[in-house]
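Structural description and commentary
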Amino acid sequence: MIGKLKGTIDEIGEDHCVVDVHGVGYVAYCSARTLSALGGAGEAAVLFIETYVREDMIRLYGFHTALEREWFRLLQNNVQGVGAKVALAVLSTLSPSDLANAIALRDISMVARAPGVGKKVAERIVTELKNKAPAFAGEATGTIGLKQELGEGVAPAPVSDAVSALTNLGYSRDIAANAVAAAMKSAGEDADSAKLIRLGLKELAR
């Protein structure tokens, strides 16, 4: 079982790349995000690999980070109707942290932006993975809990009011939630919405 490839890029195609490892070319199917992170032909590359073995084929899927590979596994193993193709489409559109944020906020439309992912599949992804997102949030781990509360409608009123106010000013819900989460660290959980909005705006102005 191949878990990692380290070599040089021989070729980059529309949905795959060929990595030369000591003279042997391995074809790895990748998300658009991973392919864009690779250099050109002849440049060094490291890919985290998921190996699929079937009766009629062996296929390698390559990822720029181990976290992206974990999401690839998570999507297929936990969401009905999601196979390798759909999982790659989702990861081509959203980074692991963006996907975790979308799930925490129950932002079905964001997940549905991925090619071939309709509203029903996006809703299943959000529903089935809501309890698993925090463990696979990557750099978004620090604010994922607050975003889940917002998504479930159980966040304290001052917090949800502050996020709503920042959203009304034109910021995305994700950015607003990040700002309010940062504001809470300095203001404390008992701060009123006015203070959270003020401190949130300061965070956004940095």
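Residues numbered from 1 in each chain as written. Predicted model: local features only at pLDDT ≥ 70, side-chain atom pairs only at ≥ 80, totals over all residues. Heavy atoms only, no water.

Digging into the packing of aromatic side chains
Note the threshold: Pairing of aromatic side chains requires ring centres within 6.5 Å, counting the rings of Phe and Tyr and the six-membered ring of Trp. Pairs whose planes differ by under 30 degrees are stacked, by over 60 edge-to-face, and all others tilted. Here a helix means four or more residues in a row that DSSP labels H or I, a strand means two or more in a row labelled E, and each is numbered from the N terminus. Remark: exposure states derive from per-residue accessible area (1.4 Å probe, protein chains only) relative to the maximum for the residue type, with buried under 20%, exposed over 50%, and partly exposed in between.
Overall, the coordinates contain 5 aromatic pairs when judged by the stated rule. Judged by centre distance (5.1 Å) and plane angle (40°), the ring pair of Tyr-61 and Phe-72 falls under tilted. Linking Tyr-61 in strand S5 (residues 58-63) with Phe-72 in helix H2 (residues 66-78), this pair joins segments that are 11 residues apart in sequence. Comparing Tyr-61 with Phe-72, the two get one shared label, buried. Judged by centre distance (4.8 Å) and plane angle (50°), the ring pair of Phe-63 and Phe-72 falls under tilted. Phe-72 sits in the buried class, given a relative accessible area of 0%. Grouped by ring-pair contacts, the aromatic residues Tyr-29, Tyr-52, Tyr-61, Phe-63 and Phe-72 constitute a single cluster.

A word on the layout of surface pockets
Selection rule: Put simply, the grid is 1 Å and covers the protein atoms alone, a cavity is a trapped set of points that fit a 1.4 Å probe, a pocket is an open set with protein on both sides within 12 Å along at least five of seven lines, and lining residues have an atom within 4 Å of a point. Grid points are joined across faces, edges and corners, and a volume is the space filled by probe spheres set on the points. Three categories are distinguished: nonpolar for Ala, Val, Leu, Ile, Met, Phe, Trp, Tyr, Cys and Pro, charged for Asp, Glu, Lys and Arg, and polar for the others, with Gly belonging to the last.
Taken as a whole, the largest pocket spans an internal volume of roughly 330 Å³. For the largest pocket, the lining is made up of 17 residues, of which Asp-15, Lys-85, Leu-88, Ala-89 and Ser-92 are closest to its centre. The element contributing the most residues to the lining of the largest pocket is helix H3 (residues 84-93), with 6 residues. Residues belonging to the lining of the largest pocket are distributed by class as follows: 10 nonpolar, 3 polar and 4 charged.

Remarks on the sheet that holds strand S4 (residues 44-53)
Stated precisely, the cut-off is as follows: Note on pairing: DSSP must find at least two bridges between two strands before they are called paired. Note on definitions: angles span 0 to 180 degrees between N-to-C directions of axes, and those axes are lines fitted to C-alpha atoms, for helices only across the stretch in contact. Any two residues having at least one pair of non-hydrogen atoms within 4.5 Å are treated as being in contact.
The strand order around the closed barrel built from 5 strands is S1-S2-S3-S5-S4, with neighbouring strands paired in mixed fashion. Looking at each pair of strands side by side, their axes are set apart by 55° on average, direction ignored. Relative to S4, strand S1 (residues 4-12) runs antiparallel, the two sharing 5 bridges. When the bridges of S4 are listed, Leu-5 appears paired with Leu-47. Across the sheet, H2 touches S4 and S5, and the angle it forms with S4 is around 20°. Lying over the sheet, H3 contacts strand S3 (24-30), S4 and S5, oriented at roughly 15° with respect to S5.

Digging into H2
Spelled out, the test is: For a helix, the expected span equals 1.5 Å multiplied by the residue count minus one.
Over its 13 residues, H2 runs 18 Å from end to end, which matches the ideal 18 Å to within 8%, given 1.5 Å per residue. Here H2 has its buried residues at Glu-68, Arg-69, Trp-71, Phe-72, Leu-74, Leu-75 and Gln-76. In this structure, the buried side of H2 is in contact with helix H1 (32-37), S4, S5, H3, helix H4 (96-104) and helix H6 (119-129).

A closer look at the side chain of Glu-50
Condition: Throughout this description, a polar contact denotes any pair of N or O atoms lying within 3.5 Å of each other; where both atoms belong to protein, one of them has to be capable of donating a hydrogen while the other can accept it, and for residues adjacent in sequence the pair is counted only when both atoms sit in side chains.
One can find Glu-50 in strand S4. By relative accessible area, Glu-50 is classed as buried at 15%. Of the polar contacts made by the side chain of Glu-50, one reaches the side chain of Arg-73; its length is 2.7 Å. Excluding residues within four positions of it along the chain, Glu-50 makes contact with Arg-59, Leu-60, Tyr-61, Phe-63, Arg-69, Phe-72 and Arg-73.

Details of the pattern of salt bridges
This is how the line gets drawn: We define a salt bridge as a contact between a side-chain nitrogen of Lys or Arg and a carboxyl oxygen of Asp or Glu at a distance within 4 Å.
Evaluated as defined, the whole model comprises 2 salt bridges. Where Arg-73 meets Glu-50, a salt bridge forms, and the shortest distance between an N and an O atom there is 2.7 Å. Taken together, the residues Arg-73 in helix H2 and Glu-50 in strand S4 connect sequence positions 23 residues apart. Classification of Arg-73 by relative accessible area gives partly exposed; the value is 26%. Note that Glu-70 is salt-bridged to Arg-73, the shortest N-O span being 2.8 Å. Remark: Arg-73 and Glu-70 occur in helix H2; sequence separation between them is 3 residues, near one turn of the helix.

Points about a nonpolar patch on the surface
Test applied: To count toward a patch, a residue needs a relative accessible area above 30% and no salt bridge. Like charges then connect within 9 Å, nonpolar side chains (Val, Leu, Ile, Met, Phe, Trp, Tyr) within 5 Å. Every accessible area reported is derived by Shrake-Rupley at a probe size of 1.4 Å, with residue values counting cover from the shown protein chains alone.
Taken together, the side chains of Leu-169, Tyr-171, Ile-175 and Leu-201 present a nonpolar region at the surface, about 340 Å² in accessible area. Take Tyr-171: it is sitting in the loop between helix H8 (157-168) and helix H9 (173-187). For Tyr-171, a relative accessible area of 31% translates into the label partly exposed.

Comments concerning the pairing of S4
The pairing of S4 with S5 spans 6 bridges and is antiparallel. Paired with Glu-50 across the bridge in S5 is Tyr-61. Where S4 hands over to S5, the hairpin turn is made up of 4 residues, counted between the paired strands.

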